[in-house]
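For reference, the chains in residue letters:
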Amino acid sequence: MVVFRLITFVLNAFILRFLSKEIVGVVNVRLTLLYSTTLFLAREAFRRACLSGSTQRDWSQTLNLLWLTAPLGVFWSLFLGWVWLQLLEVPDPNVAPHYAAGVVLFGLSAVVELLGEPLWFLAQAHMFVKLKVIAESLSVILKSVLTVFLVLWLPHWGLYIFSLAQLFYTTVLVLCYVIYFTKLLGSPESTKLQTLPVSRITDLLPNITRNGAFINWKEAKLTWSFFKQSFLKQILTEGERYVMTFLNVLNFGDQGVYDIVNNLGSLVARLIFQPIEESFYVFFAKVLEREKDATLQKQEDVAVAAAVLESLLKLALLSGLTITVFGFAYSQLALDIYGGAMLSSGSGPVLLRSYCLYVLLLAINGVTECFTFAAMSKEEVDRYNFVMLALSSSFLVLSYLLTRWCGSVGFILANCFNMGIRITQSLCFIHRYYRRSPHRPLAGLRLSPVLLGAFALSGGVTAVSEVFLCCERGWPARLAHIALGAFCLGATLGTAFLTETKLVHFLRTQLGVPRRIEKTT
């Protein structure tokens, strides 16, 4: 999986050097939003309703219900396609040619993907995880390869390139599922076949069940309930893209640069902080008891949880500060290496520097919320979710106002504000939780003055280095800038090693705790 991601990352970086930022904005924001919105409206509620049902069900009725996603996809793709073509701003044909064809093909690709929905559900319901990983990874890589080929050999095709690549991606994805289940159902000796509710590939097609009912109306009503619940969530999840698309706060070029920087910045959160958050949520959930105050639980468990939380907060703070301090001086160089002048000039470096600050808040929030959600009672979680809903709604308004004031950086500032409020909520809960105990895990957010001085000195040195050595003075100057940054990073980490002995001990001995707990359960 890591190899697939690395290959895709390299191919995307290569593609960017042959594109304008306006093309990137139209594809990554406008057309991708059409695709994701169509899929969400047509299938999300069906997935949640069918996956939450009992295994003791009439599978024919469930599969029939899932087949309804295809005609729904046709409806939504036609309706949203009309909106995208008639109500929204149309890009300049000289900058992004063949926009209308792009809308049609992205909508068609969503419909093609919906044709594989019954197969996807069957794979999910029976835990065919490897199939999903291989199918999605293979589809993404082949899509990137096709895009590279078309960009190099047929650059005048414009949006045709990315539209055909998207259609190719969904076709390969569906074919992976079709080929897998065709082979599986055609092998009577397969052990997996015994657990499946179908014996032939044709059993997956729509059909009338024995009792004459085409669908299970209980599941259908549940689907409608999930649709109403998740509609607002979709708006909030894709909030930035909806604001950019419908309110015209940024031009297509700025949209493209923001989307690339946002994806680059979120890599750290997805690859480093998210696995830590997920692992230690399990740890805290097993060690602590919900509905109980810290003084009413086993004090040994409470002490262990406090020590681990303190060290995790320290680790998150150090990691986030390192990214923020060094990211400030190396954002322009990183963008230049990744995407060339398109990213390293203009608003790109400012965006990535701002995102480095956001990564610091993401790191701290991930740790505080993984403890908070593990220790909260059900009522507290419900109240917290309501607050998060209100915050997410205010984020849309704030992002609109800030982007009007300071451009695309406004989206990141709005995210920082939102994340700051969430961190404050979690810190207040942690403080209350340990108020009557002798443990003070929030001490993990305090660093030694010597280490803070090392960060400040490194930030100052690398900032001066960027002015004199980067990024238009050739590769010898760039390498000198990188070498100086590596030296400062080593000195800072060495200072952390000498001053934060408690964290060093934790890293050496305690990171195995979640794994040991999983093995014993």
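On a predicted model such as this, the values are computed, not experimentally measured, just so you know. (Residues numbered from 1 in each chain as written. Predicted model: local features only at pLDDT ≥ 70, side-chain atom pairs only at ≥ 80, totals over all residues. Heavy atoms only, no water.)

Caption draft 1: Fine view of the overall build of the chain. Of regular secondary structure, the chain possesses 20 helices and 0 strands. The C-alpha atoms of the chain give a radius of gyration of 26 Å, which matches the 24 Å a tight globule of 521 residues would have. Here the chain holds 521 residues, and the buried ones make up 50% of them. Residue pairs at least 24 apart in sequence account for 81% of intrachain contacts in the chain once pairs closer than 6 positions are excluded. Entry remark: accessible area of the chain is about 25400 Å², with carbon and sulfur atoms responsible for 66%. Across the chain, the mean location of the 43 positive side-chain charges is 3 Å away from that of the 32 negative side-chain charges. (Helix = DSSP H or I, 4+ residues; strand = E, 2+ residues; numbered from the N terminus. Rg over C-alpha atoms; globule rule 2.2 N^0.38 Å. Buried < 20%, exposed > 50% of the residue type's maximum accessible area, 1.4 Å probe, protein only. Contact = heavy atoms within 4.5 Å. Areas by Shrake-Rupley, 256 points an atom, 1.4 Å probe, with all protein chains shown as cover. Lys, Arg positive; Asp, Glu negative; His and termini not counted. Charge placed at Lys NZ, Arg CZ, Asp CG, Glu CD.)

Caption draft 2: Quick look at the layout of surface pockets. Volume-wise, the second largest pocket comes out at about 650 Å³. Lining the second largest pocket are 25 residues, with Val268, Ile323, Gly327, Ala334 and Leu352 sitting closest to its centre. Those elements that provide at least two residues to the lining of the second largest pocket are helix H11 (252-287), helix H12 (299-339), helix H14 (348-375) and helix H18 (474-499). For the lining of the second largest pocket, the element with the most residues is H12, which contributes 10 residues. Of the residues assigned to the lining of the second largest pocket, the class counts are 20 nonpolar, 5 polar and no charged. Residues lining the lining of the second largest pocket come from more than one domain, with at least three contributed by each of domain 2 (249-441) and domain 3 (447-507). (1 Å grid on protein atoms, 1.4 Å probe; cavity = no way out; pocket = protein on both sides within 12 Å on 5 of 7 lines; lining within 4 Å. Points joined across faces, edges and corners; volume = space filled by probe spheres on them. Nonpolar A, V, L, I, M, F, W, Y, C, P; charged D, E, K, R; others polar. Domains from an automatic or database assignment.)

Caption draft 3: Expanded view of helix H17 (residues 449-469). End to end, H17 covers 30 Å across 21 residues, agreeing with the expected 30 Å (1.5 Å per residue, within 8%). Looking only at H17, the buried set comprises Leu451, Ala454, Phe455, Ser458, Gly459, Thr462, Ser465 and Glu466. Mapping the buried residues of H17 onto a view down its axis gives an arc of 135 degrees, with all of them on the same face. Among the exposed residues of H17, those oriented more than 90 degrees off its buried face are Pro449, Val450, Ala456, Leu457, Val467 and Phe468. At its buried positions, H17 is contacted by H12, H14 and H18. (Expected span 1.5 Å × (residues − 1). Arc of directions from axis to C-beta.)

Caption draft 4: Representation of the pattern of salt bridges in the model. Going through the model one piece at a time under the given rule, you end up with 10 salt bridges. The partner of Glu310 in a salt bridge is Lys502, with the nearest N and O atoms 3.4 Å apart. On the criterion of sequence distance, the pair formed by Glu310 in helix H12 and Lys502 in helix H19 (residues 501-509) is long-range, its members being 192 residues apart. For Glu310, a relative accessible area of 16% corresponds to the buried category. Note that Glu466 is salt-bridged to Arg353, the shortest N-O span being 2.8 Å. Of this pair, Glu466 sits in helix H17 while Arg353 is found in helix H14, placing the two residues 113 residues apart along the sequence. A cluster of three or more residues bridged by salt bridges with shared partners is formed by Arg43, Arg47, Glu113 and Glu117. (Salt bridge = Lys/Arg side-chain N within 4 Å of Asp/Glu carboxyl O.)

Caption draft 5: Representation of the packing of aromatic side chains. Taken as a whole, this structure holds 22 aromatic pairs when the rule is applied. Between Phe9 and Tyr338, the ring centres sit 5.0 Å apart and the planes meet at 35 degrees, which makes this aromatic pair tilted. Taken together, the positions of Phe9 in helix H1 (residues 2-16) and Tyr338 in helix H12 put the pair 329 residues apart, joining distant regions of the chain. When its relative accessible area of 13% is taken as the criterion, Tyr338 is described as buried. Judged by centre distance (5.8 Å) and plane angle (35 degrees), the rings of Phe429 and Tyr433 are tilted. Taken together, the residues Phe429 and Tyr433, both in helix H16 (residues 409-433) and 4 residues apart, mark about one turn of the helix. On the basis of relative accessible area, Tyr433 is assigned to the buried category, the value being 7%. (Phe/Tyr/Trp six-rings, centres within 6.5 Å; stacked < 30°, edge-to-face > 60°.)

Caption draft 6: Local environment of the packing of H11 against H14. Direction vectors running N to C along H11 and H14 enclose 15 degrees, while the axes themselves pass 9 Å from each other. Here H14 runs roughly parallel to H11, going by the angle between their axes. With respect to the hand of their crossing, H11 and H14 are arranged in right-handed fashion. The class makeup of the residues in the contact of H11 with H14 is 20 nonpolar, 5 polar and 1 charged. (Axes fitted to C-alpha atoms, helices over the stretch in contact; angles between N-to-C directions. Parallel < 35°, antiparallel > 145°, perpendicular 65-115°, else oblique. Left-handed = near helix turned anticlockwise from the far one by under 90°.)

Caption draft 7: The domain arrangement of the chain, seen in detail. The domain boundaries assigned to the chain delineate domain 1 (1-206 + 215-237), domain 2 (249-441) and domain 3 (447-507). Taken residue by residue, the interface counts 21 residues in domain 2 and 24 residues in domain 3. Of the roughly 2000 Å² buried where domain 2 meets domain 3, counting both sides, 73% is carbon and sulfur surface. Counting every contact that joins domain 2 to domain 3 gives 4 salt bridges. Among the salt bridges present, the one from Asp336 reaches Arg478, with a minimum N-O distance of 2.5 Å. Our enumeration of links across domain 2 and domain 3 arrives at 7 residue pairs in polar contact (both at pLDDT 80 or more). Top element by residues in the side of domain 2 that touches domain 3 is H12. It accounts for 19 residues. (Buried area = accessible area lost by both parts, 1.4 Å probe. Polar contact = N/O pair within 3.5 Å; in protein donor to acceptor, adjacent residues only side chain to side chain.)

Caption draft 8: Representation of a positive patch on the surface. Side chains of Arg383, Arg432, Arg435 and Arg436 sit close together on the surface and give a patch of like positive charge. Assignment of secondary structure puts Arg436 in the loop between H16 and H17. The class for Arg436 is exposed, based on a relative accessible area of 63%. (Patch = residues over 30% accessible without salt bridge, like charges linked within 9 Å, V, L, I, M, F, W, Y side chains within 5 Å.)

Caption draft 9: Focus on the confidence of the model for the chain. Confidence along the chain averages 86 in pLDDT terms, with 93% of residues attaining 70 or more. Long-range and interchain partners of residues 512-521, a stretch whose pLDDT sits below 50, account for 9 contacts in this model, where long-range means more than four residues apart. (pLDDT = per-residue confidence, 0-100.)

Caption draft 10: Looking closely at the packing of helix H2 (residues 21-51) against helix H5 (residues 99-114). Between H2 and H5, the shortest axis-to-axis distance is 9 Å and the interhelical angle comes to 35 degrees. Between H2 and H5 lies a crossing of right-handed hand. Contact with H2, carried on its side by Val26, Val27, Arg30, Leu31, Thr32, Leu34, Tyr35, Thr38, Leu39, Ala42 and Arg43, involves Tyr99, Gly102, Val103, Phe106, Gly107, Ser109, Ala110, Glu113 and Leu114 of H5 and no other residues of that element.

Caption draft 11: Focus on a nonpolar patch on the surface. Where nonpolar side chains cluster on the molecular surface, the patch consists of Phe14, Phe18, Phe149, Leu152 and Trp153 and spans about 560 Å² of accessible area. Here the nonpolar patch takes 3 residues from helix H7 (residues 129-153), the largest share from any one element. Mapped onto the secondary structure, Phe149 falls in helix H7.

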